[in-house]
Structure formats: structure tokens, C-alpha cells
Amino acid sequence: MPEDSVAMLAADPATELPLKTALDSAERLRPELVRDQADVEVRTTYSPERHRQFQEAGFYRLLIPRMYGGYAYDMPSFLKVMGSVARGCMSTGWCLTLGASHALLVSSLWGKEAQDEIFADGHVVIPSTARPGGPATRNGDGTWTLNTTHPYSSGSPYSTHYLGQAFEYDEQGKPKQQMFFIAPRDRYEILDDWGRTLGLKGSGSNTIVFKDAVIPERYVLEQTMQVDLRTANTSPGFELHGNPMHLAPGQGFFGLDLATVFLGGAFGALDEYERLLHDRKTAGDAGRPPAARLYDQDYQRWYGLATVKLNAAQGIVNDAAERWMEICHRAAAGGEPFTTAEDMMINMMCREATRLAWDTVQETIYRTAGSSAAVNGERLERSYRDLSQAWGHVTMVIEDTMARAWTKLHLGVS
């Protein structure tokens, strides 16, 4: 990308997007997001019209550096906007968040030449999965060839690039190294294979396939694992943009992403529960005839407890995001780099927030909403399916191994 083009993008007044403006946009869209949930599931992603709305609102640019026409939001601000979208439709929030958030990793880890190309028009949507998808072959002419398959690539329908892992194998067929790569949209195929899961049917988590796809070596980071990024007081992105966020590893960042979408979905369930308080009656008992739930002491208590528990979960995520920012600023000021133990702790805090939210939805909201709220197509039925699907995500499964690893690092034992 020519230097003058970069300067034009950086000077564009459209690169200013106050947080309040972004949040107002998300809140205005929420009734439409709620209304369109069934269509999103059938389509397995949000509509092209919604995609354009997100573009116009600037949601894809929130973590793109200012040099390339982005807004360079801090982490707490980014999460607030994504959580607001997910509150209207969790599938849409999942697809949008995981497509928009990986711009931070790319602008942190890749060099200027690659970034100039990747962010050339100021718009990127970059899905990613951490699991290696197959072999990458070094061609000897400054390029690599990919023959890899990457299921669960959330955000793929509107993607401009893909960010993934691959193995280079030796002559005996044994893994020689793992690498992190980015590839533009014309190098891969998106399979029409999403929508068969219990929930998050509209999250656009399709499989991405590379067949004899050639990418330049500047798009490949050798000896690099997405889930084990080592940090220092500098990085290619920090040198280029001066943003402390470009000094962070990936586990805490990923945990913040998922927890934000999960909590958005849980608050969406709470919104529906509040509507039911107004629209539904109690079952009644021997001493009390059926009456509006709104005036029933039990429902008042359940609603109050659900609200405070979800706000407590949100408080955990907010604190984790602020800690994440503080550690980034410490590293940028020349202090201790972002440690693996700190990264793990933020990830684990986010997991506990999702646990609290999930327990609140299933033990209070779903249990007391009544069977009519679980009929196919009801908003709460969909919320329950989406949240249960997210609760089975791999990041929830690895809590024991991560807790053990964190303890060893923290206490200095093997």
C-alpha cells in the first residue's frame, strides 16, 4: 500500500467513532436483530443487508489500526459494542465478533509489508481457528503451498482473509514445525456445511479449505502457535502503531471475546424473561389464582437474582478487560512483558464469568420461565440452545488443564 494512501486513510475524519455512537448504533439495531433470529438460523449467518449495516456502523474497523482507517478501540470499548450486538442475537454476535476481533492479532504480529496489503482498503473480516488444519509446504521461491482444512471458522461467510495454523512436515512425514499464516479470500473455499448444531446455527462457523493455495512467505510466521504466543516489550505491530494492545498474547484476548458474546446472549435471555413477566401469568395454586407474573413475589425474586448474577458476571469480564489493558500498558512502558500466567488468569476469569451466566440462565431464567417459553421458535428457546452450544466450546473444556498449568507457573513447580 503506498505511503500516501496510508496517510489519506489515517487523516480521514471517518476514522473517529466515539464509543457512544457505536453503542447507540448497536442498540438501535437490537429490535431488528431479535426479529431476524429465525432467518439468521436458516441462512446460517446474518444477511448481506445486516453485513452492510455493520460496515456502515464501523463495527469491522473497531480494532483496525488508525494507519489503515480503523478506530483502534481499546479492549473494554470493543467488548461493549460486541456484547450489545450479541444481546440482540447471539449467533450474529458470535459471527461478527470473531470476524472482527482477529484484526488485532494480525496488526500485532505481521510486518508492515504484509499489513499494508491486508488492510489496504481498511476493511477486513478474519475468521480463525487455533487447531492446525494440515500441511504447508515450503516451495523454495519465497512462497508456501497450503493443503489444509479448518472447521468451525466462525465469521467465514463475509471473510476477506483467513488466519490459521498449519504444520510443515519433514521427509519422514513427521511434524517439523507449526506456523501461523494469513491468506486472502481468493485462496480458499468456504464449504456450505454449517447449521447442523444444536445452537449458534447462525454463527457462520463454516469449514474453510485450502487446495494447493500459494501464499507469500511474508504471510507466514514460522515456529508460531496462536495459543502460545510469547511476548516482549515490542512487536512488529507495536513498532508500527505504538499501541500497547499489540504487546498481548492470545489466550486472554480469546477468552474476553467468547465471554462477551456469551454474556450478551445471557442478557438477551434476561430481556425475554422480563417480557414474560409482563405478558404471562403464574400457574396459580390453592391459595392464589393465576395472576400477572410481574406482581408475583417469586417471580420478582427470580428476576432480581438473575439480574444481579448476570451483572456480577459482567463485572468479572469488565475487570478482566481492564487488567488486560493495564498489563499491556505496563509492557509498553518498559515493565515486565505480558506473562503467560497473566494471560491464562484472564482467560480463566472469563470462563468463570460464563459459568455464572450459564448457571443463572439454566437454574433461574429457563427453569422458571415455563414450558411455553421453550417452544420451538421462542426467543428463550433459541437463547438456551445458543448458550448450551457455547458452553460446550473447547475453551470451556480445557479449564482443568489450564488451571494446572497456571498453578505450576504461579508457584514455580514442575
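Residues numbered from 1 in each chain as written. Predicted model: local features only at pLDDT ≥ 70, side-chain atom pairs only at ≥ 80, totals over all residues. Heavy atoms only, no water.

**Let's talk about the pattern of salt bridges**
Pairing is possible between side chains that carry opposite charge, provided their charged atoms lie close to one another.
Okay, step 1: A complete count under the given rule lists 24 salt bridges for this structure.
Okay, step 2: Between Arg-138 and Glu-222 there is a salt bridge, and its shortest N-O distance comes to 2.9 Å. Taken together, the residues span a long stretch of sequence, with Arg-138 in strand 1 (residues 136-138) and Glu-222 in the loop between strand 9 (220-221) and helix 9 (236-241) at a distance of 84 residues.
Okay, step 3: One continuous salt-bridge network, built from bridges that share partners, spans Glu-32, Arg-35, Asp-36 and Arg-50. (Salt bridge = Lys/Arg side-chain N within 4 Å of Asp/Glu carboxyl O. Helix = DSSP H or I, 4+ residues; strand = E, 2+ residues; numbered from the N terminus.)

**Considering the confidence of the model for the protein**
Okay, step 1: Looking at the protein as a whole, its pLDDT mean stands at 94, while 96% of the residues score no less than 70.
Okay, step 2: Below pLDDT 50 for its whole length, residues 1-11 participates in 19 contacts with residues either more than four positions away or in separate chains. (pLDDT = per-residue confidence, 0-100. Contact = heavy atoms within 4.5 Å.)

**Things to note about the pairing of strand 4 (residues 161-169)**
Okay, step 1: The element strand 4 is largely enclosed, with a buried count of seven among its nine residues.
Okay, step 2: As judged from the nine bridges shared by strand 4 and strand 5 (residues 175-184), these two strands associate in the antiparallel manner. Considered in strand 5, the bridge of Ala-166 is made with Met-179. (Buried < 20%, exposed > 50% of the residue type's maximum accessible area, 1.4 Å probe, protein only. Pairing = 2+ DSSP bridges.)

**A few points about the sheet that holds strand 3 (residues 149-154)**
Okay, step 1: On the basis of which strands lie adjacent, the open sheet formed by three strands has the order 3-7-6 and antiparallel pairing. Looking at strand neighbours, the two that pair on one side only are strand 3 and strand 6 (189-190), the edges of this open sheet.
Okay, step 2: In this sheet, strand 7 (residues 205-209) lies alongside strand 6 in antiparallel orientation, the contact comprising two bridges. Looking at the pairing, Glu-189 lines up with Val-209 of strand 7.

**Quick word on the side chain of Ser-205**
Okay, step 1: Inspection of the secondary structure puts Ser-205 in strand 7.
Okay, step 2: Among the polar contacts made by the side chain of Ser-205, one reaches the side chain of Ser-154 at a distance of 2.6 Å.
Okay, step 3: Among the polar contacts listed, one links the side chain of Ser-205 to the side chain of Ser-203, at a separation of 2.8 Å.
Okay, step 4: Contacts of Ser-205, omitting those with residues within four sequence positions, involve Trp-94, Tyr-152, Ser-153, Ser-154 and Trp-194. (Polar contact = N/O pair within 3.5 Å; in protein donor to acceptor, adjacent residues only side chain to side chain.)

**Some remarks on the environment of Ala-183**
Okay, step 1: Within the element layout of this structure, Ala-183 appears in strand 5.
Okay, step 2: C-alpha separation for the pair Ala-183 and Gly-58, spaced 125 residues apart in sequence, amounts to 23 Å.
Okay, step 3: Discounting chain neighbours no more than four positions away, the residues touching Ala-183 are His-161, Tyr-162, Tyr-188, Phe-210 and Ile-215.

**With respect to helix 15 (residues 399-411)**
Okay, step 1: Its 13 residues place the ends of helix 15 18 Å apart at the C-alpha level, agreeing with the 18 Å of an ideal helix rising 1.5 Å per residue.
Okay, step 2: Of the residues flanking the end of helix 15, it is Gly-412, one or two places downstream, whose phi is positive at about 70°. (Expected span 1.5 Å × (residues − 1).)

**Structural notes on the side chain of Gln-115**
Okay, step 1: As for its placement among the helices and strands, Gln-115 is situated in helix 8 (residues 112-118).
Okay, step 2: What makes Gln-115 buried here is its relative accessible area of 0%.
Okay, step 3: With residues near it in sequence (within four places) discarded, Gln-115 still touches Tyr-68, Val-106, Ser-107, Ser-108, Trp-110, Ala-120, Gly-237, Leu-240 and His-241.

**What to know about the sheet that holds strand 5**
Okay, step 1: Across the sheet, which stays open at both edges, the three strands sit in the order 4-5-9 with antiparallel pairing between neighbours. Each edge of the sheet is formed by a strand with only one pairing partner; in this case those strands are strand 4 and strand 9.

**Describing the state of the cysteines**
Here, disulfide denotes a covalent bond that connects the sulfur atoms of two cysteines.
Okay, step 1: On inspection of all chains with the given rule, the structure shows zero disulfides.
Okay, step 2: Considering cysteine sulfurs only, Cys-350 is the nearest to Cys-328, which forms no disulfide, with 13 Å between them. (Disulfide = S-S within 2.5 Å.)

**Re the nonpolar core**
Okay, step 1: Phe-59, Met-75, Leu-256 and Trp-324 are the most contacted members of the largest nonpolar core, which has 108 residues in total.
Okay, step 2: Here this core takes 14 residues from helix 10 (residues 251-279), the largest share from any one element.
Okay, step 3: Aside from chain neighbours lying at most four places away, what touches Met-75 is Leu-104, Met-245, Phe-253, Leu-256, Ala-321, Trp-324 and Met-325.
Okay, step 4: Among the nonpolar cores identified, the runner-up in size contains five residues, and Met-344, Met-348, Met-402 and Trp-406 belong to it. (Core = buried A, V, L, I, M, F, W, Y, C linked by side-chain atoms within 4.5 Å.)

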